[in-house]
Structure formats: C-alpha cells, structure tokens
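Working through the structure, step by step
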Amino acid sequence: MKDIEFKLNSTEIHPNSEIIGTITVSYPGRYDGVVINTQILDSNEHITYKSYNGKTISNNVARLFINKDVMSENKAEFTAVIKFEPTQEYEVKFRASIIEQHKEIESQIIFAKYSI
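Scanning the protein chain from N- to C-terminus turns up 0 helices and 10 strands. Scanning the protein chain from its N terminus toward the C terminus, one meets helices and strands in the order β-β-β-β-β-β-β-β-β-β. Taken over the C-alpha trace, the protein chain has a radius of gyration of 14 Å; the compact-globule value for 116 residues is 13 Å, and the two agree within 12%. Judged by the C-alpha coordinates and their principal axes, the protein chain covers about 45 × 30 × 25 Å. Per-residue burial over the protein chain gives 40% buried out of 116 residues. Entry remark: accessible area of the protein chain is about 6800 Å², with carbon and sulfur atoms responsible for 43%. For the protein chain, the distance from the average position of its 13 positive side-chain charges to the average position of its 16 negative side-chain charges is 5 Å.

Right, here's the structure in full:
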C-alpha cells in the first residue's frame, strides 16, 4: 500500500457543486500533516476550500494544509467548491502530499474535469 491514498467523490465537477476529498496516510515515519494543492489548467481561476474534518474554513483558501494533530486515525476529509462559470471543459489537477519538516515525502495526483 502507498503511504498516501487520496480519493474524490467524483472526477466530474460542475459549478458550485460540492467537491469532497478523502486522504488516508499510512506513512510509518513522523510527519507534520498533509497539503492539498489544486490547479485548474489553462485558467486563472481557483478552487475554494470550505472545510476539513468537519471544521469550517472562514477565509478563502486556495491551498489547504491539514495538521496531523487534527487527523483522527491518520484520515482527513475536505470539502471545496469551484464557482466560476466555465466556457469550456477544464482539467483540474488535485495533488495531496505528506509533509515532514517542510519537505514533501510522498504525493498522489488526481485529475478531474470541470464543465457545465
């Protein structure tokens, strides 16, 4: 098994629909947490993270760090949304990484499609 497992509720994303992601870490060493970076390819638009592990995020965050201390059983769940109206189909790159002392240990990438 990989040290990080990352899943999305769907790889077909539409405007204002809730994106739910789940990360499970089985890394045997010490780590500080996980970070999720998202890029909407061929666009200047951003994703907005709304919550993680049931905790609401009050300000708009384009990059999400989840501390290991709030990851019960080394698991994290987050919600996010993309709000802009697409004029074409966009590819969205999600990258979840295990972070230890400001270094990436391992990551997993998922690609999704964003359209009307």
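Text resumes after the structure shown.
Next up on the list: the pairing of strand E10 (residues 103-114). Where strand E2 (residues 12-13) lies against E10, 2 bridges are found, and the strand directions are parallel. Among the inter-strand pairings, Ile13 is bridged to a residue of E10, identified as Tyr114. Across 11 bridges, the pairing between strand E9 (residues 90-100) and E10 is antiparallel. For Tyr90, the partnering residue across the bridge sits in E10 and is Tyr114. With antiparallel pairing between neighbouring strands as the criterion, E9 and E10 make up a hairpin whose turn holds 2 residues, including Gln101 at a positive phi of roughly 50°.

Here the protein chain averages 93 in pLDDT, and 99% of its residues register 70 or above. Across the protein chain, strand E3 (residues 19-25) holds the top mean pLDDT of 97, while strand E6 (residues 55-56) sits lowest at 92.

Right, let's get into the sheet that holds E10. The 5 strands lie next to each other as E2-E10-E9-E4-E7, forming an open sheet whose pairing is mixed. Bordering the open sheet on either side are E2 and strand E7 (63-67), each of which pairs with just one other strand.

Position of Ile23 among the secondary structure elements: in strand E3. Here Ile23 falls in the buried class, since its relative accessible area comes to 0%. In the structure, Ile23 is positioned 11 residues away from Val34 in sequence and 8.4 Å away in space, judged by C-alpha atoms. Look past the residues within four positions of Ile23 in its chain and what remains in contact with it is Ile4, Glu5, Phe6, Val34, Ile36, Asn74, Lys75, Ala76, Phe78 and Ala96.

Here we take up unusual backbone geometry. Unusually for a residue other than glycine, Asn16 sits at a positive phi of about 60°. Tracing the chain through its elements places Asn16 in the loop between E2 and E3. Backbone geometry places Asn53, a non-glycine residue, at a positive phi of 45°. As for its placement among the helices and strands, Asn53 is situated in the loop between strand E5 (48-52) and E6.

Take the side chain of Gln108 next. One can find Gln108 in strand E10. Given the relative accessible area of 17%, Gln108 is considered buried. Here the side chain of Gln108 touches Phe6 through a polar contact of 2.9 Å, landing on its backbone nitrogen. Setting aside residues no more than four positions away along its own chain, Gln108 makes contact with Lys2, Ile4, Glu5, Phe6, Phe94, Arg95 and Ala96.

Rules and cut-offs
- Residues numbered from 1 in each chain as written.
- Predicted model: local features only at pLDDT ≥ 70, side-chain atom pairs only at ≥ 80, totals over all residues.
- Heavy atoms only, no water.
- Helix = DSSP H or I, 4+ residues; strand = E, 2+ residues; numbered from the N terminus.
- Rg over C-alpha atoms; globule rule 2.2 N^0.38 Å.
- Buried < 20%, exposed > 50% of the residue type's maximum accessible area, 1.4 Å probe, protein only.
- Areas by Shrake-Rupley, 256 points an atom, 1.4 Å probe, with all protein chains shown as cover.
- Lys, Arg positive; Asp, Glu negative; His and termini not counted.
- Charge placed at Lys NZ, Arg CZ, Asp CG, Glu CD.
- Pairing = 2+ DSSP bridges.
- pLDDT = per-residue confidence, 0-100.
- Contact = heavy atoms within 4.5 Å.
- Polar contact = N/O pair within 3.5 Å; in protein donor to acceptor, adjacent residues only side chain to side chain.

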